Amino acid sequence: MSGENQRVDASCTPPGPGAAVAPGPVRASRARRLAAPALTLAGAVAAFAYVGAVDPNQPGHYPVCPLFRLTGVLCPGCGGLRSAHAFARGDLVTALGDNALAVVGYLVFAGFTALWLVRAFRGGPVPRIVLGPAWWWAIGTLALAFTVVRNLPIGSALAP
């Protein structure tokens, strides 16, 4: 055995003194993990603060919906700024009256962002919205039905 070629598996032997060790998987710091959800939340808060301060019910501050201007048809987003204005001021009834679908979107966004912040703080995975095709079709059908009903006389309560 003394004259034979001996193979040494480098992964099994400890490095000698002063030898460089390849870094293992690096775990991101808490501040780095919290950066994306915190900045997303800060952007949403800033947007709601602006819309809360600058009243969309006063003409000239925001553009008019192009679909409504050209056709007179309310799209699913029509009334969304007025809804955000009322929501930012704490008037949930008015917000629901201006655009109920938008209020549901605000709440879903708030829940998702809260989950994202908690997971980032604890070092967990980023949450993902994973829905099957049937769910996406259902959401699209709901938005279409909301649009149609709010443009009918019977659905005038859903119009802004």
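All values derive from a computational prediction rather than experimental measurement. (Residues numbered from 1 in each chain as written. Predicted model: local features only at pLDDT ≥ 70, side-chain atom pairs only at ≥ 80, totals over all residues. Heavy atoms only, no water.)

**Notes on the confidence of the model for the chain**
Residues at a pLDDT of 70 or more form 82% of the chain, whose mean pLDDT is 84. Here residues 8–12 is a poorly scored stretch, pLDDT under 50, and it has one contact once near neighbours within four places are set aside; other chains count. (pLDDT = per-residue confidence, 0-100. Contact = heavy atoms within 4.5 Å.)

**Comments concerning helix H4 (residues 92–122)**
Here H4 contains 31 residues, and its C-alpha end-to-end distance of 32 Å is more than 12% below the 45 Å for a straight helix at 1.5 Å per residue. At Asn99, H4 is bent by approximately 120°, the largest bend along its length. Within H4, the full set of buried residues consists of Ala95, Asp98, Asn99, Ala102, Val103, Tyr106, Thr113, Trp116 and Ala120. (Helix = DSSP H or I, 4+ residues; strand = E, 2+ residues; numbered from the N terminus. Expected span 1.5 Å × (residues − 1). Bend = angle between axes of the 7 residues up to and from the residue. Buried < 20%, exposed > 50% of the residue type's maximum accessible area, 1.4 Å probe, protein only.)

**Considerations on the nonpolar core**
One finds Val51, Val54, Tyr62, Ala84, Ala86, Ala95, Ala102, Val103 and Tyr106 forming the largest nonpolar core, which totals nine residues. At the level of secondary structure, the elements contributing two or more residues to this core comprise helix H3 (80–88) and H4. In terms of residue count, H4 provides more of this core than any other element does, four residues in total. (Core = buried A, V, L, I, M, F, W, Y, C linked by side-chain atoms within 4.5 Å.)

**Comments concerning the packing of aromatic side chains**
Under the defined criterion, the tally for this structure stands at five aromatic pairs. Centroid distance Phe48 to Phe87: 6.0 Å. Interplanar angle 55°. Geometry classified as tilted. Taken together, the residues Phe48 in helix H1 (residues 30–53) and Phe87 in helix H3 connect sequence positions 39 residues apart. Taken together, the ring pairs in this structure connect Phe48, Phe87 and Tyr106 into an aromatic cluster. A cation sits over an aromatic face here: Arg30 above Phe121, 4.0 Å from the ring centre. (Phe/Tyr/Trp six-rings, centres within 6.5 Å; stacked < 30°, edge-to-face > 60°. Lys NZ or Arg CZ within 6 Å of the ring centre and 35° of its normal.)

**Structural notes on the side chain of Asp98**
Here Asp98 lies in helix H4. Despite its burial, Asp98 pairs with no opposite charge; the closest candidate is Arg82, at 4.5 Å N-O. Setting aside chain neighbours within four positions, we find Asp98 in contact with Cys78, Gly79, Arg82, Ser83, Arg150, Leu158 and Pro160. (Lys, Arg positive; Asp, Glu negative; His and termini not counted. Salt bridge = Lys/Arg side-chain N within 4 Å of Asp/Glu carboxyl O.)

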